[in-house]
Amino acid sequence: MDVFKISVDTQQVHKITQENFDLATKKQAPWYQPINGHRGWFAVCPACDNPIQIIGMLERDAPYGKHFFPTAGAVAVPLKGRVDKEEYEWCPYASKNKSLTKDARRAEGSELALLIKQTLIEQFDRVIYLLEKGTGMRISFALAKQMLEEYRAAEGWRYRGATRQNIPWVFAYMMQAKRLRGRIFFDAKFTEELLTRRPDLTWNANGQIDIKDDKKFCDLSFSFIRHRRHVDQHTLSESIEFNIANSKQETVCKREIIFEHDYFLKLINSKNEANRKMNLVDLARSVLA
């Protein structure tokens, strides 16, 4: 992996460089400690909260993190880094992580699952903002509530592909298909593509997707499918597909949404509260808490 954090308790994720590591840790223990007679650099995996060791800090142009499971008493585990082999096996940064399915679930009471759920509640307005940005579609209060209820029913925080880095997109991934008619899109290019492929549709005066002939039925629905994750040269990339399909399950339009891990973490670590929508946070708390 090419990123690290210094504690389970923090959401602040750093790129692995000597300078970033020194700034974050101030060269203090337990992040700096000897191992086998040599200097060692230790931190926490941003995805699974297990300890990691930084490899090649001084020898490589691009040092990287590797999961590290010390024998008893070998080194002190960095600030609450949990040694959890099961979380490691599903971690996207693991050397041989397991194939994901929606049915892959963490145990009830999993500490990481509960942290994911709590973060979703506290940052729900920012989750909705990022989903609107990625889809180009307005998410109404009523839709947000439906999505929360379905996330609760699916216990989405227990999904093995969920991390504290990808909360907005996994939240959407848990949603069942919803009807398209009446949705507001502010992405003109995407809307024009949809209307070209379905000439029976129109963009009404309120900016909503509508059907030209009121006597006919709009059979289109939208969903989020195909959660994919891939590590290349220690860098994680994740995506889902925003899919609009007809009643025959044929795709009419689609868009790949690339997860913006860094942007999400920057948002939730921001001290600027001016544009927050706390009514959405209150909604998430009422449904999930």
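In this text the structure is predicted, and so the values were computed from the model without any measurement.

Summed over all chains, the structure comprises 15 aromatic pairs. With centroids separated by 5.3 Å and ring planes inclined at 80°, the aromatic side chains of F69 and Y88 adopt a geometry described as edge-to-face. Taken together, the residues F69 in the loop between β5 (64-67) and α2 (85-90) and Y88 in helix α2 connect sequence positions 19 residues apart. By relative accessible area, which is 25% here, F69 ends up partly exposed. Taking 5.7 Å as the distance between ring centres and 45° as the angle between the ring planes, the aromatic pair formed by Y159 and Y173 counts as tilted. With Y159 in the loop between α5 (141-154) and α6 (167-173) and Y173 in helix α6, this pair connects stretches of sequence that are 14 residues apart. An identical accessibility class is assigned to Y159 and Y173; each is buried. Linked through ring pairs, F185, F190, F222, F224 and F242 together constitute an aromatic cluster.

Looking now at the pattern of salt bridges. Taken as a whole and assessed by the stated rule, the structure comprises 21 salt bridges. E273 is the partner of R126 in a salt bridge, and the nearest nitrogen-oxygen pair spans 3.8 Å. Note that R126 is positioned in helix α4 (residues 124-135) and E273 in the loop between α8 (261-268) and α9 (278-288), a separation of 147 residues in sequence. With a shortest N-O distance of 3.1 Å, R181 and D214 are connected by a salt bridge. Pair noted here: R181 is in the loop between β6 (178-179) and α7 (188-197) and D214 is in the loop between β8 (209-211) and β9 (221-232), with a separation of 33 residues, a long-range link. Looking at R181, the relative accessible area reads 26%, which means it is partly exposed.

Read from one edge to the other, the open sheet built from four strands follows the order β6-β9-β10-β11, with strand pairing classed as antiparallel. Here the strands that pair on one side only, and so sit at the sheet edges, are β6 and β11 (251-258). Relative to the sheet, α7 contacts β10 (235-245) and β11, its axis offset from that of β11 by approximately 160°.

Residues A29 and P30 are joined by a peptide bond in cis, for which omega reads 5°. With respect to the helices, strands and loops of the structure, P30 is situated in the loop between α1 (18-25) and β3 (42-44). Even without being a glycine, Q233 presents a positive backbone phi close to 50°. Inspection of the secondary structure assignment puts Q233 in the loop between β9 and β10. Look at Q233 and you get exposed, because its relative accessible area is 67%. Backbone geometry places H234, a non-glycine residue, at a positive phi of 75°. As for its placement among the helices and strands, H234 is situated in the loop between β9 and β10.

Its location among the elements puts N279 in helix α9. A relative accessible area of 44% places N279 in the partly exposed class. Taking the C-alpha atoms as reference points, N279 and A153, 126 residues apart in sequence, are found 22 Å from one another.

The rules behind these values
Residues numbered from 1 in each chain as written. Predicted model: local features only at pLDDT ≥ 70, side-chain atom pairs only at ≥ 80, totals over all residues. Heavy atoms only, no water. Phe/Tyr/Trp six-rings, centres within 6.5 Å; stacked < 30°, edge-to-face > 60°. Helix = DSSP H or I, 4+ residues; strand = E, 2+ residues; numbered from the N terminus. Buried < 20%, exposed > 50% of the residue type's maximum accessible area, 1.4 Å probe, protein only. Salt bridge = Lys/Arg side-chain N within 4 Å of Asp/Glu carboxyl O. Pairing = 2+ DSSP bridges. Contact = heavy atoms within 4.5 Å. Axes fitted to C-alpha atoms, helices over the stretch in contact; angles between N-to-C directions.

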